[in-house]
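Tertiary structure, described
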Amino acid sequence: MSKANFTIRQLFEMDACTNCRLCADVCPAACAAMNGELSAVYRMKGLKRHLKSRTGIFSKLLGRRPPSLEELKHYADTVFRCTLCSNCEEICPLGIRLKELWLSLREDLVQEKAYPSKIDMIRANLAKSRNVFGEDNSERTEWVEDMRRPPADRYVRPQAEVVYITGCVSAYFPLAQKIPIALAEIMDAAGVDFTLLGEDEWCCGFPLLGAGLMEMFADFKSQNLAAVKAKGAKTVVFACPSCYQMWREYYETDLELLSAPELLLRLVRAGKVPLAELPLTVTYHDPCDLGRGARVFEEPREVIRSIPGVTLVELPHNREKCMCCGGGGNLEMVDADLAAKIARDKIDEVLSTGARAVITSCQQCVRTMTSCVKRNKIPLDVLDIVQLVRKALIPATPAKS
Ligand code: SF4
Ligand code: SF4
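Before going into details, it helps to say that this report is about the structure given with it.

The rules behind the values
- Residues numbered from 1 in each chain as written.
- Chains lettered and ligands numbered in written order.
- Predicted model: local features only at pLDDT ≥ 70, side-chain atom pairs only at ≥ 80, totals over all residues.
- Helix = DSSP H or I, 4+ residues; strand = E, 2+ residues; numbered from the N terminus.
- Rg over C-alpha atoms; globule rule 2.2 N^0.38 Å.
- Buried ≥ 20, exposed ≤ 12 C-beta atoms within 10 Å, placed from the backbone.
- Contact = placed C-beta atoms within 7 Å.
- Near = placed C-beta within 6 Å.
- Nonpolar A, V, L, I, M, F, W, Y, C, P; charged D, E, K, R; others polar.
- Pairing = 2+ DSSP bridges.
- Axes fitted to C-alpha atoms, helices over the stretch in contact; angles between N-to-C directions.

1. Digging into the overall build of the chain
Across its full length, the chain carries 21 helices and eight strands. Taking 21 Å as the expected radius of gyration for a compact globule of 401 residues, we find that the chain reaches 22 Å, a close match to that expectation. Along the three orthogonal principal directions, the C-alpha set of the chain runs to about 75 × 45 × 35 Å. Counting across all 401 residues of the chain, residues that qualify as buried make up 48%. Of all intrachain contacts in the chain linking residues separated by at least 6 positions in sequence, the fraction that spans at least 24 positions is 75%.

Structure below.
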């Protein structure tokens, strides 16, 4: 572990930590696992200890030895069992940029070869197949065939005003494929001139960020930017908050970037999405990357409230305090049991509102929460916001549920 992998600001921030432990109280991973070693405060202490033992005259004088590979691996096991939800950062009274610190730490541990073995799978899948699941990248638009009236071009058009980046989860998981189907139908109905990138869409790079593998990112970024440019598009739309976050923070582009709720609100306000009565009480789960990450809190709520008959009740922890569903940070790949426990805590909170359905704006949240309700036979609908709008859209053939 080397100080070279951390910025001067991060080193100062580590020193500033007062050990107040507020971050531990809001950590979904530490709470679900009942294991304080997963909390930010423990991680911070370990990081400071490891860095001090590796560098400086004092460590030599005091005889501090560097951590063994075994110790580092144990520490890494706690570092990667984190959803990167940013709850710790949100509550930290000193404003320490903890998520950025956790990302630097993951990169550092990968360089030290102290990381969970699943990271190698992420690396191999992305290097070979350009998507995180190792699927054939030419099958990215296969979901279009499941539409009632699939267009012959599978929405892969030579030029368009808008490019819709579907993301890996929506492209390959049957359950999540309902989301791009719904969004494509809404955009068709609203007359949006859009295209998909097909096999020219590569993973946005978010799994590389979470896996500490950012040295591979440049190729993914340049491929995706070139593919969008080739379409002559001015706007890029994302139903996946992680893709959206990645493009906003790491793509350095002047293209207009829109999350699905922002696009939906624009279309609703323009009167392009006529909505029928839909009597339903729902609650809204803020995805971590869209809410705390991109601060898109009000747009999805306004879209939900615009549907006649829909009543929105808030979760006890909502907006910037929303608790993660367990699906972030590659946690599902590293510790599926812990991800499932966090999801159960989330669903229990949803049930406390009395809502019949939980709405979110993220394919991964939909997958995680749906798996939980199915596994536990809980009578609760889990829908992405584009699915909710599609249900209410008129005129329309009845949506697949
Ligand atoms: S990012 Fe979330 S899961 Fe990770 S340490 Fe912070 S609060 Fe816990
Ligand atoms: S909340 Fe901030 S200052 Fe308090 S222990 Fe956590 S990281 Fe340190």
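2. A look at the site of ligand 2
Inspection of the region around ligand 2 gives 13 residues, with Cys17, Cys20, Cys23, Val41 and Cys92 positioned closest. At three residues, helix α4 (residues 40–54) tops the list of elements feeding residues into the shell around ligand 2. Looking at the shell around ligand 2 residue by residue, the class counts come to 10 nonpolar, two polar and one charged.

3. A closer look at the site of ligand 1
Taken together, the neighbourhood of ligand 1 is formed by Val26, Cys27, Pro28, Ala29, Ala40, Cys82, Thr83, Leu84, Cys85, Ser86, Asn87 and Cys88. Those elements that place two or more of their residues in the shell around ligand 1 are α3 (28–33) and α7 (87–91). Along the lines of polarity and charge, the residues of the shell around ligand 1 split into nine nonpolar, three polar and no charged.

4. Topic: the sheet that holds strand β6 (residues 310–313)
The four strands lie next to each other as β6-β5-β7-β8, forming an open sheet whose pairing is parallel. In this open sheet, the two strands that pair with only one neighbour each are β6 and β8 (381–384). Neighbouring strand axes in the sheet, compared pairwise and without regard to direction, differ in orientation by 35° on average. With four bridges joining them, strand β5 (residues 280–284) and β6 adopt parallel strand pairing. Bridge pairing in β6 places Val282 opposite Leu312.

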